[in-house]
Amino acid sequence: MPKPTIEIIATILWIVVAIPAAMMVMFSAMMFDAPGSDQNPYLWLTVGSMVSYFPAMFLAIVGGWLLWMIRPMMVKTRVAVASLPLLSAAGTTLGFVLIMTLCDGQFVCP
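Residues numbered from 1 in each chain as written. Predicted model: local features only at pLDDT ≥ 70, side-chain atom pairs only at ≥ 80, totals over all residues. Heavy atoms only, no water.

1. Notes on the overall build of the protein chain
And step 1. Each helix and strand in the protein chain was counted, giving five helices and zero strands.
And step 2. Going from N to C terminus, the protein chain has its helices and strands arranged as α-α-α-α-α.
And step 3. In summary, the protein chain has a C-alpha radius of gyration of 17 Å against a globular reference of 13 Å for 110 residues, an excess of more than 25%.
And step 4. For the protein chain, buried positions account for 31% of its 110 residues.
And step 5. Carbon together with sulfur atoms contributes 79% to the accessible area of the protein chain, which is approximately 6900 Å² in total. (Helix = DSSP H or I, 4+ residues; strand = E, 2+ residues; numbered from the N terminus. Rg over C-alpha atoms; globule rule 2.2 N^0.38 Å. Buried < 20%, exposed > 50% of the residue type's maximum accessible area, 1.4 Å probe, protein only. Areas by Shrake-Rupley, 256 points an atom, 1.4 Å probe, with all protein chains shown as cover.)

Here it is in structure tokens:
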């Protein structure tokens with residue numbers, strides 16, 4: 001039976017990253033302060049991706065450990081499950097890039 005190295009690394013990494021992610025989510029409501037910013041789809045993508053980190057982190061940690069207990073030889077699947085929070089980070093990055101390029105860095109997109 002292989003050792004749970006992937007799961008240990010993923011658990012430590014995602015819990016450590018959860019601290020700054022929680023700060024970002026706490027202040028994300030202020031992104032909607034400008035009048036009309038609630039109509040910006042790129043802003044919704046950004047905030048939705050930031051908020052989705054926590055369910056993705058939970059699924060990555062719990063799902064990774066369950067997968068290791070049930071089918072420990074499926075290494076590629078275990079890595080894929082452990083990498084789920086990276087989708088949230090990619091969505092957040094994409095949202096910020098779209099806001100910077102298409103909206104000139106403003107939360108109200110013309």
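2. Section: the side chain of threonine 46
And step 1. With respect to the secondary-structure elements, threonine 46 resides in helix α2 (residues 41-51).
And step 2. At 2.8 Å, the side chain of threonine 46 forms a polar contact with the backbone oxygen of tyrosine 42.
And step 3. Excluding its chain neighbours within four sequence positions, the residues that come into contact with threonine 46 are Thr92, Gly95, Phe96 and Ile99. (Polar contact = N/O pair within 3.5 Å; in protein donor to acceptor, adjacent residues only side chain to side chain. Contact = heavy atoms within 4.5 Å.)

3. Points about the packing of aromatic side chains
And step 1. Following the criterion strictly, the structure yields four aromatic pairs and no others.
And step 2. A ring pair is formed by phenylalanine 32 and tryptophan 44, whose centres lie 4.7 Å apart and whose planes are at 40°; its orientation type is tilted. Linking phenylalanine 32 in the loop between α1 (5-27) and α2 with tryptophan 44 in helix α2, this pair joins segments that are twelve residues apart in sequence.
And step 3. Clustering of aromatic rings is evident, with ring pairs tying together Trp14, Tyr53 and Phe54. (Phe/Tyr/Trp six-rings, centres within 6.5 Å; stacked < 30°, edge-to-face > 60°.)

4. Re the nonpolar core
And step 1. Membership of the largest hydrophobic core is limited to nine residues, which are Ala10, Trp14, Ala18, Ala21, Tyr53, Met57, Ala60, Ile61 and Ala82.
And step 2. Sorting the residues of this core by element identifies α1 and α3 (53-70) as the ones contributing at least two each.
And step 3. The residues contacting alanine 82, other than those within four sequence positions of it, are Ile6, Ala10, Trp14 and Ala60.
And step 4. Core analysis: the next-biggest nonpolar cluster, separate from the first, contains five residues, Met31, Val47, Met50 and Ile99 among them. (Core = buried A, V, L, I, M, F, W, Y, C linked by side-chain atoms within 4.5 Å.)

5. Points about a nonpolar patch on the surface
And step 1. Among the surface-exposed residues, Phe58, Leu59, Val62, Leu66, Met69 and Ile70 lie close enough to one another that they form a single nonpolar patch of about 620 Å² accessible area.
And step 2. Structurally, leucine 66 can be placed in helix α3. (Patch = residues over 30% accessible without salt bridge, like charges linked within 9 Å, V, L, I, M, F, W, Y side chains within 5 Å. Salt bridge = Lys/Arg side-chain N within 4 Å of Asp/Glu carboxyl O.)

6. Brief notes about the packing of α2 against α3
And step 1. The N-to-C vectors of α2 and α3 enclose an angle of 35°; their axes lie 4 Å apart at closest approach. Contact residues: Ser49, Met50 and Val51 in α2; Tyr53, Phe54 and Pro55 in α3.
And step 2. Class assignment for the residues of the contact of α2 with α3 results in five nonpolar, one polar and no charged. (Axes fitted to C-alpha atoms, helices over the stretch in contact; angles between N-to-C directions. Nonpolar A, V, L, I, M, F, W, Y, C, P; charged D, E, K, R; others polar.)

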